[in-house]
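# Working through the structure, step by step
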Amino acid sequence: MTSKATYGKYGGQYVSEMLLPAISELERKYDYYKNNPDFLKDLHYYLNDFAGRETPLYFARNLSRKYGIKIYLKREDLLHGGAHKINNTIGQALLARYMGKHRIVAETGAGQHGTATAMAGAALGLETVVYMGEKDVERQKTNVYRMEMLGAKVHPVSAGSKTLKDAINEALRDWVSNVDSTHYLIGSVVGPHPYPMIVRDFQSVIGNEVKKQIIEKEEKLPDSIIACTGGGSNAMGTFHPFVDDTEIELISVEAGGESMKSTSKAALHSASLCVGEEGILHGAKTRILQDKYGQILESHSISAGLDYSGVGPELSYLKDSERLKTAVASDKEALDAFHELCHLEGIIPALESSHAIAHVLKKAKTGELGNIVVINLSGRGDKDLDTVIKSSKGEGNI
Amino acid sequence: MKISEKFDDLDENEAALISYVCAGDPSPDATKNIVSSLVRGGADIIELGLPFSDPMADGPTIQAASKRAIEAGMNPDLYFELVSSISNKFNIPFVCMTYYNLIYKRGTEKFVQDCAQSGISGVIVPDLPVEESDELANACQKNNVDLILIITPVTGKERIQKVTEKSSGFLYIVSRLGVTGARSNIAENTGQLLKKVNSSIPKAVGFGIYTPKQVKNVVLSGANGVIVGSAFVNIIASNDDIYNRIEKFAAELKNNCYINYSKS
Ligand SMILES: Cc1ncc(COP(=O)(O)O)c(C=O)c1O
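To start, this report covers the structure provided alongside it. (Residues numbered from 1 in each chain as written. Chains lettered and ligands numbered in written order. Predicted model: local features only at pLDDT ≥ 70, side-chain atom pairs only at ≥ 80, totals over all residues. Heavy atoms only, no water.)

### Here's the deal with the site of the ligand
Residue and element names in this part refer to chain A.
- With respect to spatial proximity, 19 residues lie near the ligand, and among them S188, G230, G232, S233 and S378 are the closest.
- Here an oxygen atom of the ligand sits 3.2 Å away from a polar atom, N or O, in the main chain of G231.
- Within the side chain of S378, an N or O atom sits 2.7 Å from a nitrogen atom of the ligand.
- The protein chains hide 97% of the 390 Å² of surface that the ligand would expose on its own.
- Looking at the shell around the ligand residue by residue, the classes come out as five nonpolar, 12 polar and two charged. (Near = heavy atom within 4 Å. Polar contact = N/O pair within 3.5 Å; in protein donor to acceptor, adjacent residues only side chain to side chain. Areas by Shrake-Rupley, 256 points an atom, 1.4 Å probe, with all protein chains shown as cover. Nonpolar A, V, L, I, M, F, W, Y, C, P; charged D, E, K, R; others polar.)

Put into structure tokens, the structure is as follows:
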């Protein structure tokens, strides 16, 4: 195995023997095309004119005034589809085309990655199949309609916790059965090598733009950069270009859910980076939520996109090497931050992104964050209105 | 019993019937009776699945069995207790099939020691390709437990070499792509794949085999063993006269493990 396959002790390729040739081919082809002028030309064409890059780095005046520090929002919510997910789906769908695959499969939690996959699949003429947990199909219904409208076939998954981890299992099962024709378009920096690297690279457009934009506006780099973490793709994409700028604080905010406790089968949160233990899930060694025997615990979050028992291996590595700070925001704190951004800035944030905002609002006054702060606003919240309305009516536990 | 002893014991024209069931499905006690039925029916080696919450390599049948078993309380501690209580009653090898996280969490060395002590002769880990298997392979070698690795139609020449060098007991040949589960068409190229694998270790073919006729074809194509799992698990799931039906079905499959039918 190449040393690129691991991040410290994390990462690797813990997958079925049948997938080994496919992931080796993917690694080879990615390595070739990532510098290929035709590929890059196509990539920029779709990223700029289809997805809507570059996105603004918005100085949130009202929030900044109220909380006493300079808060910038990286507006990934303005992208086509409403989330950062499309940066990755365009990249991988294009790669699939260049590799001669005509079918893509994907898993989805919130439905954001599924939607972004369906968009890229339609634009690039690829047959698109999306696996989605039944519980997520229920709580993110409009995204199911969107995917179907875009021509994707959505398969509800009834196994296990009926959420993202089960959708990934099912997508892997599909891939292993159709590996010749099919590319597995994974939606975050998780899975076997080379996926964590590929997804990070395609998402790094976020951090690269932030770096250029903040210099233009402030003539210096920020003190802290904050992103929410489910699997970790928007976080890695934002952080990656800053990892070597060690004076900048990088903070990952996971879903603290209802509480940081666990029952025998389920965690009441999704904080695998904060409190998970080393283990193997979905092809990689990383921090995961598991019981004392190694059975995977179900996770919980009010936001479907953070509701995952694992996390990208590179984030586990950055945490262990103390480059990355980790924090949590609870369901309630995320909801409060959601409303605060709506009222103060006229922006409806995704509940996922609201976790990152919540952390900043909590810490702004303590001086911990420094004076210039960038929050990656990974998505918009239109998809979450049902959830927010239900929870404000006290129907709870969604 | 060692796996190699079992293969040595077989007649020249005889293939091993290797049966898979999930330990603890539907209950630990039932597993004892199920094993007993399998042995009476003529199973030569028994793979006992240690159920994992997220069985990526399994189709719906074994996923459901894993879920039933975990819900009925099966866990690695109970698993080794169960194996200890039955392994010396039957003079056949037991093989543990499970996913890597359960091994890793227990500590690879300890897991393999527990295998050796309870009477497990080999381990199969479907989410552990040869490239990631050093730690487990070392622990297995130290404790005299066989590591059974998998070869598939897409395993290239070089990797076949690597896999055969690291395997012992038998080679698990998967003749079609996909997950576990009964299929009416198992690949016609089983014979070709078997020929491609040049090794003195016995070769057993699995994934999708569930009828006596398929068993016969696999044996005729040159396999030293045939692995049948989902078909037994389906009988267990039916909850209908399972012990008798398992014994009868095992006997019928075993009958097709002889090239000239000289023993039937
Ligand atoms: C808007 C938004 N933000 C964040 C996430 C979490 O994913 P990741 O941690 O990979 O960025 C999702 C996932 O669906 C999402 O839709």
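Now that the structure has been shown, the text picks up again.
### Focus: the environment of A:K212
All names here are of chain A.
- With respect to the helices and strands, the residue K212 is situated in helix 10 (residues 205-218).
- A relative accessible area of 41% means that K212 is categorised as partly exposed.
- A sequence separation of 155 residues divides K212 from L57, and the C-alpha atoms of the two residues are 9.9 Å apart. (Helix = DSSP H or I, 4+ residues; strand = E, 2+ residues; numbered from the N terminus. Buried < 20%, exposed > 50% of the residue type's maximum accessible area, 1.4 Å probe, protein only.)

### A short note on the packing of helix 14 (residues 331-345) of chain A against helix 16 (residues 385-392) of chain A
Residues and elements named next belong to chain A.
- Between helix 14 and helix 16, the least distance of the axes is 12 Å, while the angle of their chain directions is 110 degrees. Between helix 14 and helix 16, the crossing angle belongs to the class labelled roughly perpendicular. For the pair helix 14 and helix 16, the crossing hand works out as left-handed. Between helix 14, through L335, F338 and H339, and helix 16, the contact on the second element is made entirely by L385, V388 and S391.
- When its residues are assigned to classes, the contact of helix 14 with helix 16 shows four nonpolar, two polar and no charged. (Axes fitted to C-alpha atoms, helices over the stretch in contact; angles between N-to-C directions. Parallel < 35°, antiparallel > 145°, perpendicular 65-115°, else oblique. Left-handed = near helix turned anticlockwise from the far one by under 90°. Contact = heavy atoms within 4.5 Å.)

### Remarks on the sheet that holds strand 6 (residues 127-133) of chain A
All names here are of chain A.
- An order of 7-6-5-8 is seen for the four strands of this open sheet, with the pairing classed as parallel. Of all the strands in the sheet, the pair left with one neighbour each is strand 7 (153-157) and strand 8 (182-184). Recorded for the sheet is a direction-independent mean angle of 25 degrees between the axes of neighbouring strands.
- For strand 5 (residues 103-108) and strand 8, the ladder comprises three bridges, and the chain directions are parallel. (Pairing = 2+ DSSP bridges.)

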